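Secondary and tertiary structure notes
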Amino acid sequence: MLVAVDAGRAYVKTITGNRKFSFPSKVSKARQRTFVQTLEEDMEIRYQGKDYFIGQLAEREGSFTRQMMTESKVNIETVLLVLTALFQAGAIGEVKLVTGVPINMYKEDERARLRAKLEGEHEIILNGTYRKLHITKAAITIEGGAAYWVHRRMGTVRIVDPGARTTNYATFKDGIFIDRESGTIPKGWDNVREADPEEMASMIVGHLGGMWNITDVVELIGGKAHDLVEPFKRVGFQFATTFEDPQFANALGYYALGKETLGE
Ligand SMILES: Nc1ncnc2c1ncn2[C@@H]1O[C@H](COP(=O)(O)OP(=O)(O)OP(=O)(O)O)[C@@H](O)[C@H]1O
Ligand SMILES: [Mg+2]
């Protein structure tokens, strides 16, 4: 079984087969509750002897709820979010995983450490159900750029992915990734002072303007891409466009890449 997980700072996006779903990237220690009201999307997990609330439940009932705002993704939160995503995707036993890190974190050391945390056997109990998951392969690619694999094509392809904390931008020319025209801006919707589309567009265009040609077709992805298209056209790239479901573009790209390199 192949599962693609885009563990973003705001939402975890998951794709497998023809199913896709997301939940908030929130993790907290589980708290003993006096009166327990359970909602359908509530997720409580036990991993390595510790109990956690995940997603909406962590938002609603957690104490010390953590949202990953650190630069690196090599941490227990990522592992918990990915395992929860795999479980919810229906994985049992062996599973192949494709996930990503921001472009500026795509270094051999970072990837190797993340892979080491993910690959191997994990025992997890989610809402009382025990499962053993064996991640036989964890492929780690780039956030933003991975959307390229959704519809690969020749010529110049520019992708911009404003997320919660970072904005990844990627360039492919005739199918080849161009590193010097790709990177990560350490700003996203949740940490830009005026998180409005006009401000975001100006900030990003200011960064890319000198490097990319204003007549390039720029594909905008990420959770709020639809809001960004018009301002982007106004302040810089007149041929800005977006995906049908831009929030899942990375995860779809991870899945397409995984299908090619690891098989379903
Ligand atoms: N349905 C929605 N309504 C309002 N805001 C949303 C919605 N979905 C996503 N957002 C916001 O859009 C932004 C980008 O969402 P996205 O899922 O692309 O971020 P992410 O991938 O989790 O973050 P990052 O790429 O920085 O790790 C976030 O600030 C998020 O809060
Ligand atoms: Mg993202």
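Residues numbered from 1 in each chain as written. Chains lettered and ligands numbered in written order. Predicted model: local features only at pLDDT ≥ 70, side-chain atom pairs only at ≥ 80, totals over all residues. Heavy atoms only, no water.

Looking at the overall build of the chain
- Scanning the chain for helices and strands turns up six helices and 16 strands.
- At 19 Å, the chain has a C-alpha radius of gyration in line with the 18 Å of a compact globule built from 264 residues.
- Seen along its three principal axes, the alpha-carbon backbone of the chain occupies a region of about 55 × 40 × 35 Å.
- Looking at the chain as a whole, 52% of its 264 residues are labelled buried.
- Long-range pairs, those at least 24 residues apart, make up 65% of the contacts in the chain with a sequence separation of at least 6.
- About 12,000 Å² of surface is accessible on the chain, with carbon and sulfur atoms providing 48% of the total.
- Side chains of the chain give 34 positive and 35 negative charges; the mean places of these two sets differ by 3 Å. (Helix = DSSP H or I, 4+ residues; strand = E, 2+ residues; numbered from the N terminus. Rg over C-alpha atoms; globule rule 2.2 N^0.38 Å. Buried < 20%, exposed > 50% of the residue type's maximum accessible area, 1.4 Å probe, protein only. Contact = heavy atoms within 4.5 Å. Areas by Shrake-Rupley, 256 points an atom, 1.4 Å probe, with all protein chains shown as cover. Lys, Arg positive; Asp, Glu negative; His and termini not counted. Charge placed at Lys NZ, Arg CZ, Asp CG, Glu CD.)

Description of the site of ligand 1
- By nearness alone, 16 residues border ligand 1, and Arg9, Ala10, Asp190, Gly223 and Gln247 come closest of all.
- In the environment of ligand 1, an oxygen atom lies 3.0 Å from a nitrogen or oxygen atom belonging to the backbone of Tyr11.
- One of the backbone N or O atoms of Ala164 is found 2.9 Å from an oxygen atom in ligand 1.
- With the chains in place, 77% of the 640 Å² that ligand 1 exposes on its own is no longer accessible.
- Tallied by class, residues from the shell around ligand 1 come to four nonpolar, six polar and six charged.
- Built from parts of two domains, the shell around ligand 1 gets at least three residues from each of domain 1 (2–142) and domain 2 (145–244). (Near = heavy atom within 4 Å. Polar contact = N/O pair within 3.5 Å; in protein donor to acceptor, adjacent residues only side chain to side chain. Nonpolar A, V, L, I, M, F, W, Y, C, P; charged D, E, K, R; others polar. Domains from an automatic or database assignment.)

Let's talk about unusual backbone geometry
- Positive phi values are uncommon outside glycine, yet Gln48 reaches one of about 50 degrees.
- On the secondary structure map, Gln48 appears in the loop between β5 (43–47) and β6 (50–54).
- Positive phi, normally seen in glycine, also occurs at Asn127, with a value near 45 degrees.
- Topologically, Asn127 is positioned in the loop between β9 (120–126) and β10 (129–142).
- Residue classification places Asn127 among the partly exposed residues on the basis of a relative accessible area of 45%.

Remarks on the domain arrangement of the chain
- For the chain, the assigned domains are domain 1 (2–142) and domain 2 (145–244).
- Relative to domain 2, the C-alpha centre of domain 1 lies at a distance of 27 Å.
- With 11 residues of domain 1 at the interface, the matching set in domain 2 holds 13 residues.
- Counting the surface lost from both domain 1 and domain 2, the interface buries some 900 Å², and carbon and sulfur atoms represent 66% of this.
- Grouping the amino acids of the side of domain 1 that touches domain 2 by side-chain chemistry returns five nonpolar, four polar and two charged. (Buried area = accessible area lost by both parts, 1.4 Å probe.)

With respect to the environment of Asn250
- Tracing the sequence through the fold places Asn250 in helix α6 (residues 249–261).
- On the basis of relative accessible area, Asn250 is assigned to the buried category, the value being 4%.
- Through-space distance from the C-alpha of Asn250 to that of Ala30 is 30 Å; in sequence the pair is 220 residues apart.
- Leaving out residues up to four positions away in the same chain, Asn250 has contacts with Asp6, Glu143, Gly144, Ala146, Ala147, Asp161 and Ile221.
- Here Gly144 takes part through its backbone nitrogen, which lies 2.6 Å from a polar atom of the side chain of Asn250.

What about the pairing of β10?
- Note: strand β8 (residues 93–101) against β10, nine bridges, orientation parallel. Its bridge partner lying in β10, Gly100 is registered against Thr141.
- Hairpin connection between β9 and β10: a loop of two residues separates the two successive antiparallel strands, and Asn127 in this loop has a positive phi of roughly 45 degrees. (Pairing = 2+ DSSP bridges.)

Looking at the pairing of strand β3 (residues 19–24)
- Sheet topology note: the strand β2 (residues 11–16)/β3 ladder contains six bridges and is antiparallel. Note that in β3 the partner of Lys13 across the bridge is Ser22.
- In sequence, β2 turns back onto β3 through a hairpin of two residues, with Gly17 there showing a positive phi of about 50 degrees.

Topic: helix α5 (residues 225–235)
- For α5, the set of buried residues is Ala225, Leu228, Val229, Pro231 and Phe232.
- Where α5 is buried, its residues contact β11 (156–162), α4 (197–208), β15 (218–220) and β16 (240–242).

Things to note about the environment of Leu81
- With respect to the helices and strands, the residue Leu81 is situated in helix α2 (residues 76–88).
- For Leu81, a relative accessible area of 0% puts it in the buried group.
- For Leu81 and Pro186, which are 105 residues apart along the polypeptide, the C-alpha to C-alpha distance reads 22 Å.

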